[in-house]
There are 2 protein chains.
Amino acid sequence: MSEGYSETESQSSRPDGSAENACCTAIPEIDEEAVVADVQILSALGNDTRYELVRRIAAAEDDVCVCDLESAVGISQSGVSQALSRLYSAGLITRRKEGSWRYYGLTEDAAQFLDTLDDIRATNE
Amino acid sequence: MSEGYSETESQSSRPDGSAENACCTAIPEIDEEAVVADVQILSALGNDTRYELVRRIAAAEDDVCVCDLESAVGISQSGVSQALSRLYSAGLITRRKEGSWRYYGLTEDAAQFLDTLDDIRATNE
DNA sequence: TAGTAATATAAGTATTTACTAATATAACTG
DNA sequence: CAGTTATATTAGTAAATACTTATATTACTA
C-alpha cells in the first residue's frame, strides 16, 4: 500500500496547474522487452568482477582461457566460471572449446558498449 | 584464501606450452578509475526500477517531476526518491528545483548510453 | 584403464540491495 | 502563523547477489 499521501480526490495542484499525474508531460509507456534485455546487459556488466573480466578479455589480442582470468581478478575458479557464464548469457562474451580449455572472447555488442563507456569517460574530463 | 588447486610450482601445461598464466595472451592491467566510474553507471542503470525511470525521463519532452515518476514505476515515493538520487550521483540525470517541485532530466551521457542500447538491440533482431 | 587438469555445477552463506514505513525538511498557501 | 504538499532522509527488512567450498564433468595423458 504505497498510498497515504493523497487521500483527497487528487485535486492536484501541479506546477502547470494540470490535473492527475501530468504535472509535467505525459509520460509514455516503454517497451517491456527492451527493459528486460537492456537490464540484463547492464546488470551483468555492472559489477566489478564481471566488468574487469570483460575489460581483460577486450584487452587481450586473442581469446582468453579461464585459467588466466582467474589469477587476474583474484577470486576462485568457481567464481570466475560463474561470472563468465553470466556474461555469456547476457550476450557479452563468446565461448569456444578447444581440448580441455575454454576460450572466451568479446562479442560485438560488448565491444560497442565498452567504446561508449570510453567515449563518455573521455568527454567527462 | 582462494588457492588450493595449484600446489605444485605451477609448471603450467598451457595450450600453447607457455609458462605461468600466459596460456593465451598476456593480459594487460586495466585502469582502476575507469572501472569504478563505469561500474557506477552500469550498476545504477542495471536495475528495472532505475532503468525504467531513466527511460521515462528520456521519453518525456520536458523535465519530469517525482510525482509523475512515482505512479509510473509503481513503487513508493521514498523508493523513487532514492532511485533518482542514485541515478543523479551516477551522472545519469540532472535535477533542478522549482518551488516545491524537483524536475529531473537526462544528461548527455545517459542519452548516449540509451542510444547505444537501442543500437545493440536493433542489430540483434 | 587410472590419474590428473580445466572447467562447470551445486549447495551454503555473508553481504548487499531495493525496497517499505516513518519521519524530517522545505516551500507554498490560507 | 498552522496546515499542506513535494521531496528527502533514516531505519529496518526480505530478498537478491557474489562469493566460497565441495563435487561433478569432461578431456587429455601415461
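Scroll up for the structure.
Residues numbered from 1 in each chain as written. Chains lettered and ligands numbered in written order. Predicted model: local features only at pLDDT ≥ 70, side-chain atom pairs only at ≥ 80, totals over all residues. Heavy atoms only, no water.

1. A word on the environment of A:Gly79
Part 1 of the reasoning: By the element assignment, A:Gly79 lies in helix H4 (residues 77-89).
Part 2 of the reasoning: When its relative accessible area of 17% is taken as the criterion, A:Gly79 is described as buried. (Helix = DSSP H or I, 4+ residues; strand = E, 2+ residues; numbered from the N terminus. Buried < 20%, exposed > 50% of the residue type's maximum accessible area, 1.4 Å probe, protein only.)

2. Examining the packing of helix H1 (residues 32-45) of chain A against helix H1 (residues 32-45) of chain B
Part 1 of the reasoning: Two elements in contact, H1(A) and H1(B), have axes whose closest approach is 7 Å; the angle formed by their N-to-C orientations is 145°. For H1(A) against H1(B), the interelement crossing comes out left-handed. Note on element contacts: H1(B) touches H1(A) through B:Val39, B:Leu42 and B:Leu45, opposite A:Val39, A:Leu42 and A:Leu45.
Part 2 of the reasoning: Here the contact of H1(A) with H1(B) is composed, by residue class, of 6 nonpolar, no polar and no charged. (Axes fitted to C-alpha atoms, helices over the stretch in contact; angles between N-to-C directions. Left-handed = near helix turned anticlockwise from the far one by under 90°. Contact = heavy atoms within 4.5 Å. Nonpolar A, V, L, I, M, F, W, Y, C, P; charged D, E, K, R; others polar.)

3. Comments concerning the sheet that holds strand E2 (residues 93-98) of chain B
Strand pairing in a sheet relies on backbone hydrogen bonds, with the paired strands running either antiparallel or parallel.
All names here are of chain B.
Part 1 of the reasoning: Here we have 3 strands laid out as an open sheet, ordered E1-E3-E2, and antiparallel in their pairing. The sheet is open, and its two borders are formed by strand E1 (64-65) and E2, each paired with just one other strand.
Part 2 of the reasoning: As defined by bridge partners, E1 adjoins strand E3 (residues 101-106) across 2 bridges and the pair is classed as antiparallel. Across the sheet, residue cysteine 65 finds its bridge partner in E3, namely tyrosine 103. (Pairing = 2+ DSSP bridges.)

4. Section: the sheet that holds strand E2 (residues 93-98) of chain A
Residue and element names in this part refer to chain A.
Part 1 of the reasoning: Judged by pairing direction, the sheet is antiparallel, and its 3 strands sit side by side in the order E1-E3-E2 without closing on themselves. Both outer strands of the open sheet, strand E1 (64-65) and E2, are each paired with one neighbouring strand and no more.
Part 2 of the reasoning: Where helix H2 (residues 48-59) meets the sheet, it contacts E1, E2 and strand E3 (101-106), and its direction lies at approximately 90° from that of E3.
Part 3 of the reasoning: Here H4 sits on the sheet in contact with E2 and E3, set at roughly 120° to E2.

5. Observations regarding the nonpolar core
Part 1 of the reasoning: Of all hydrophobic cores here, the largest spans 58 residues; its most connected members are A:Leu84, A:Phe113, B:Leu84 and B:Phe113.
Part 2 of the reasoning: Once residues within four sequence positions are removed from consideration, B:Phe113 is found in contact with A:Leu42, A:Phe113, A:Thr116, A:Leu117, A:Ile120, B:Ile41, B:Leu42 and B:Leu45. (Core = buried A, V, L, I, M, F, W, Y, C linked by side-chain atoms within 4.5 Å.)

6. A short note on a negative patch on the surface
Part 1 of the reasoning: Taken together, A:Asp31, A:Glu32, A:Glu33, B:Asp48 and B:Glu125 make up a surface patch of like negative charges.
Part 2 of the reasoning: For A:Glu33, the location among the structural elements is in helix H1. (Patch = residues over 30% accessible without salt bridge, like charges linked within 9 Å, V, L, I, M, F, W, Y side chains within 5 Å. Areas by Shrake-Rupley, 256 points an atom, 1.4 Å probe, with all protein chains shown as cover. Salt bridge = Lys/Arg side-chain N within 4 Å of Asp/Glu carboxyl O. Lys, Arg positive; Asp, Glu negative; His and termini not counted. Charge placed at Lys NZ, Arg CZ, Asp CG, Glu CD.)

7. Quick look at the protein's contact with DNA strand D
Part 1 of the reasoning: Surrounding DNA strand D, one finds 24 residues, the nearest of these being A:Thr49, A:Ser76, A:Ser78, A:Gln82 and B:Ser78.
Part 2 of the reasoning: Restricting the count to atoms of DNA strand D within 4 Å of the protein gives a sugar and phosphate share of 63%.
Part 3 of the reasoning: The contact in question runs from a phosphate oxygen of DNA strand D to an N or O atom on the side chain of A:Arg50, over 3.0 Å.
Part 4 of the reasoning: Within the side chain of B:Gln77, one N or O atom sits 2.8 Å away from a base nitrogen of DNA strand D.
Part 5 of the reasoning: Elements represented by at least two residues in the surface near DNA strand D include exactly H2 and H4 of chain A together with helix H3 (66-73), helix H4 (77-89) and E3 of chain B.
Part 6 of the reasoning: In terms of residue class, the surface near DNA strand D is made up of 7 nonpolar, 13 polar and 4 charged. (Near = heavy atom within 4 Å. Polar contact = N/O pair within 3.5 Å; in protein donor to acceptor, adjacent residues only side chain to side chain.)

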